[in-house]
Amino acid sequence: MSRRRTWLPLGVGGGVLLLALVVSVAVGSRTLSPGELLGGLRAALDGLATDPSAGVVAARLDRTAVGAVVGLAVGLSGAAMQGLTRNPLADPGILGVNAGAALLVVLGVQYLGLSSAAAFVWLALAGGLLAALLVYAVSAASPGGATPLTMALAGAALSAGAVSVVAGVLVANRGALDTFRFWQVGSVAGRPASLLLDVAPLLVVSLAIVALSGRVLNAAALGEDLERALGQRVQLARATVALGAVGLAACAVALAGPIAFVGLVVPHLVRLVTGPDYQRVLLGSAVVGPVLVLLTDTLGRVVMPPSEVQVGIMTAVLGAPVLIWLVRRTGALR
Amino acid sequence: MTLTTSAGAPAALAVGAVRSARRAAASRPRRVLLGLVLALVGAVLVRTLLGDYTITAADAVRILVGADGVPRGAEFVLMESKLPRALVGVLAGLALGAGGATFQLMARNPLASPDVLGLTMGASAAAVLTLVVLGGSGTAVAVAALLGAAAVALALILLSGGRTGSTAAAPTRMILVGVALSAMLTSVVHWVLLRADVYRAHEAMVWLTGSLAGATWPQIGLLALVVAVALPLLLATSAQLHLVELGDDLAHGVGAPPRPVRARALALVVVLVAATTAVCGPVAFVAFLAGPTARRLLGGRSSIAASALVGAVVVVLADHLAAYAIPEVNLPVGVVTGLVGAPFLLWLLTRERSTS
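The structure contained in this document is the topic of the report that follows. (Residues numbered from 1 in each chain as written. Chains lettered and ligands numbered in written order. Predicted model: local features only at pLDDT ≥ 70, side-chain atom pairs only at ≥ 80, totals over all residues. Heavy atoms only, no water.)

1. Description of the overall build of chain A
Point 1. When its secondary structure is counted, chain A shows 14 helices and 0 strands.
Point 2. Listing every helix and strand of chain A by position from the N terminus yields α-α-α-α-α-α-α-α-α-α-α-α-α-α.
Point 3. Compactness check: chain A gives a C-alpha radius of gyration of 20 Å against a globular reference of 20 Å for 334 residues, within 12% of the reference.
Point 4. With the C-alpha coordinates aligned to their principal axes, the bounding extent of chain A is approximately 65 × 60 × 35 Å.
Point 5. Taking all 334 residues of chain A together, the buried fraction comes to 53%.
Point 6. Within the structure as shown, chain A displays about 13900 Å² of accessible surface, and the carbon and sulfur contribution to it stands at 69%. (Helix = DSSP H or I, 4+ residues; strand = E, 2+ residues; numbered from the N terminus. Rg over C-alpha atoms; globule rule 2.2 N^0.38 Å. Buried < 20%, exposed > 50% of the residue type's maximum accessible area, 1.4 Å probe, protein only. Areas by Shrake-Rupley, 256 points an atom, 1.4 Å probe, with all protein chains shown as cover.)

Right, dumping it as structure tokens:
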């Protein structure tokens, strides 16, 4: 019974993920017939540029790969953050991690002249970590403690402050604005799959940490008293997991820019099926995250022809109602 | 008999002490308001006369009354740059400060200001959509901003009412709903920015940061009209609002029915915030900052008039800093208010029991 309850949803999830991958390659603003698609796919994989649909298919393959990795990173990051902070509203966007990461990336572009994702990823990690620390410190120091409300507000304040600094930089520099306005919305379009190699070191380490963090997160769910009784190594484990969660968010920001609300929504969707056990929640988030990003990205390509709506905008517009629903469902949110 | 006479002297002393304490408490708001008015006058003088192009007070007066013998440059700088910016700053600050304080008073929560709740973002998104996508301008943008802010206000009321939980939990829920709406509207604005060409986008970006630089004299006139009508009405409502703050039942008892009072205040705030946003964009955190600052100045009492003045002083001084703090760089005012406001909000979070 227990085995079936684990494997059946996982099998279904895997099937849906496969379907999302296929749909992401097959559907786009330019309609291709199945024949063209297969021809383009073969040509793209052989590296031939002669086939007219090869370019389209190659671009879609790239954005599918990037989208899947971003979804994986953001989904897992959100799950780990919700577990660590015991906050159902935790998400790299809401907690200000995305804004902190974006701020340092912009400063790096402007003042250090950086331009590669390999450099972005470390700046994003540093900015994300600083933001996470600040938000947690502020909300923990508030009289009510680190509640979902104080965390969300500290995150919103930090994001607004970061936006002001970014605006100050961009207003003085029209060239940077032209680059940044395409980056700030969060998009997987036009990101070559080779970017994945640039972020690979941090991505792999963070993925490993978060994937193995189920026990730590389950312990965190038991409450602080029990944790304190368990002692110092729990603190170390929690700090490591936090580092991994922020690392994943930083990778996603470096790859695609800030993607809102995916980290918030994915674990809640997963919990509907798996229940509260974090080992299962993490596994499920690793499947549902990519599915959600790929499907919203595909939807964004066709929702407003002939132009595309970037995935970061799609997730914000679709995710905000989910956040509102969560706020209403959880009632007073003490 | 002997008891009363022996107790008479200390009793008289006590009565005198209470009376003088009451008088001091009553005169403190007056003194604070006077101080704020003086500070505002000072800020406006600094903004109009100082900076990289200094104008003497005598010249300024001569320009204003239309006398001859003033350098042409001085007249241009004063009438086309400094004076409009100072005036818009005053008007925007008054409107935002009063609007913020009213919301904070109604929600009984310092975090519930129109900018945190997404009202300004609603006005911005509607205005930018009209400006860039529909190609509208002037009045159309102002009307769109008004509709946008009103739509967000309506959504807040509908969505934070909720079936679960008591009414006491509503401000908390309203703030989180506002944060969600803000995030959504911000992404809509970003999307619009992507569709514009880079010059239009740069223009929109400056406006979106909150800037006093783009205001024209007709816009200033319109904003002045809105503030001149809505602000006194809001101040007239403030006594009833304070009663409503005591609780719905009590408010009914003393003749301030909560629903109409709240609805009127809400409508006035929406108009003030939308008009300001239509002219100078979402100037970050002023609505949020003004209320708690005025409260601190007044020793714990909230006052919409004092908040309005604090807002005006903050905007005018922030604009002066934004224009002249870094040589050769003329930043929008929103950069400065955002930089000051974000740490202030974080600090406030560590101080106030915001969730109760």
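2. What about unusual backbone geometry?
Point 1. Backbone geometry places F261 of chain A, a non-glycine residue, at a positive phi of 70°.
Point 2. Inspection of the secondary structure assignment puts F261 of chain A in the loop between α11 (232–256) and α12 (262–274).
Point 3. Positive phi outside glycine occurs at F285 of chain B, with the angle close to 70°.
Point 4. Position of F285 of chain B relative to the elements: it lies in the loop between α10 (258–280) and α11 (286–297).

3. Examining the packing of α12 of chain A against helix α14 (residues 311–329) of chain A
All names here are of chain A.
Point 1. Between α12 and α14, the least distance of the axes is 9 Å, while the angle of their chain directions is 55°. Viewed along their axes, α12 and α14 adopt a mutual orientation that is oblique. Pair α12 / α14 crosses with left-handed handedness. Together, V262, L264, V265 and H268 of α12 and T315, V322, L323 and L326 of α14 make up the contact between the two elements.
Point 2. Among the residues making up the contact of α12 with α14, the classes are represented as 6 nonpolar, 2 polar and no charged. (Axes fitted to C-alpha atoms, helices over the stretch in contact; angles between N-to-C directions. Parallel < 35°, antiparallel > 145°, perpendicular 65-115°, else oblique. Left-handed = near helix turned anticlockwise from the far one by under 90°. Contact = heavy atoms within 4.5 Å. Nonpolar A, V, L, I, M, F, W, Y, C, P; charged D, E, K, R; others polar.)

4. Let's talk about the interface of chain A and chain B
A common measure of how large an interface is: the accessible area buried when the components associate.
Point 1. Contacts between chain A and chain B engage 49 residues on the former and 54 residues on the latter.
Point 2. Across the chain A/chain B interface, buried area totals approximately 4400 Å², and carbon plus sulfur atoms make up 75% of it.
Point 3. Between chain A and chain B we count 0 salt bridges in total.
Point 4. On inspection of chain A and its partner chain B, the count reaches 1 residue pair in polar contact (both at pLDDT 80 or more).
Point 5. Breaking the side of chain A that touches chain B down by element, the ones donating at least two residues are α5 (117–141), α6 (148–171), α7 (174–183) and α14 of chain A.
Point 6. Residues that form the side of chain A that touches chain B fall into these classes: 32 nonpolar, 11 polar and 6 charged. (Buried area = accessible area lost by both parts, 1.4 Å probe. Salt bridge = Lys/Arg side-chain N within 4 Å of Asp/Glu carboxyl O. Polar contact = N/O pair within 3.5 Å; in protein donor to acceptor, adjacent residues only side chain to side chain.)

5. Here we look at empty space enclosed by the protein
Point 1. The final tally for this structure, using the stated rule, is 3 cavities of 30 Å³ or more.
Point 2. Considering only enclosed or pocket space, the largest cavity measures out at about 1400 Å³ in volume.
Point 3. Lining of the largest cavity is provided by 49 residues; of these, S159, A160 and V163 of chain A together with T186 and H190 of chain B occupy positions nearest its centre.
Point 4. Looking at which element gives the most residues to the lining of the largest cavity, the answer is α6 of chain A, with 12 residues.
Point 5. Here the lining of the largest cavity is built from residues that sort into 33 nonpolar, 14 polar and 2 charged.
Point 6. Size it by volume and the second largest cavity reaches roughly 50 Å³.
Point 7. Taken together, V74, P92, N98, A249, A252, V253, G257, P258 and I259 of chain A form the lining of the second largest cavity.
Point 8. Examining the composition of the lining of the second largest cavity, we find that 3 residues originate from one element, α11 of chain A, more than from any other. (1 Å grid on protein atoms, 1.4 Å probe; cavity = no way out; pocket = protein on both sides within 12 Å on 5 of 7 lines; lining within 4 Å. Points joined across faces, edges and corners; volume = space filled by probe spheres on them.)

6. Side note on helix α4 (residues 119–133) of chain B
All names here are of chain B.
Point 1. Taking 1.5 Å per residue, 15 residues should reach 21 Å; α4 reaches 21 Å between its end C-alpha atoms and fits that length.
Point 2. Here α4 has its buried residues at L119, T120, M121, G122, A123, S124, A125, A126, A127, V128, T130 and V132.
Point 3. Count one or two residues on from α4 and you reach G135, which has phi positive near 70°. (Expected span 1.5 Å × (residues − 1).)

7. So, a nonpolar patch on the surface
Residue and element names in this part refer to chain A.
Point 1. Taken together, the side chains of V27, L299, V302, V303, M304 and L318 define a hydrophobic patch exposed on the protein surface, amounting to about 450 Å² of accessible area.
Point 2. You can see L299 is positioned in helix α13 (residues 278–302).
Point 3. Classification of L299 by relative accessible area gives partly exposed; the value is 40%. (Patch = residues over 30% accessible without salt bridge, like charges linked within 9 Å, V, L, I, M, F, W, Y side chains within 5 Å.)

8. So, the packing of aromatic side chains
Residues and elements named next belong to chain B.
Point 1. Considering all chains together, one arrives at 3 aromatic pairs over all chains under this definition.
Point 2. Ring centres of F288 and F344 lie 6.1 Å apart, and the angle between their planes is 70°; this geometry places the pair in the edge-to-face category. Placement of F288 in helix α11 and of F344 in helix α13 (residues 333–351) is noted, with a sequence separation of 56 residues between them.
Point 3. By relative accessible area, F288 is classed as buried at 0%. (Phe/Tyr/Trp six-rings, centres within 6.5 Å; stacked < 30°, edge-to-face > 60°.)

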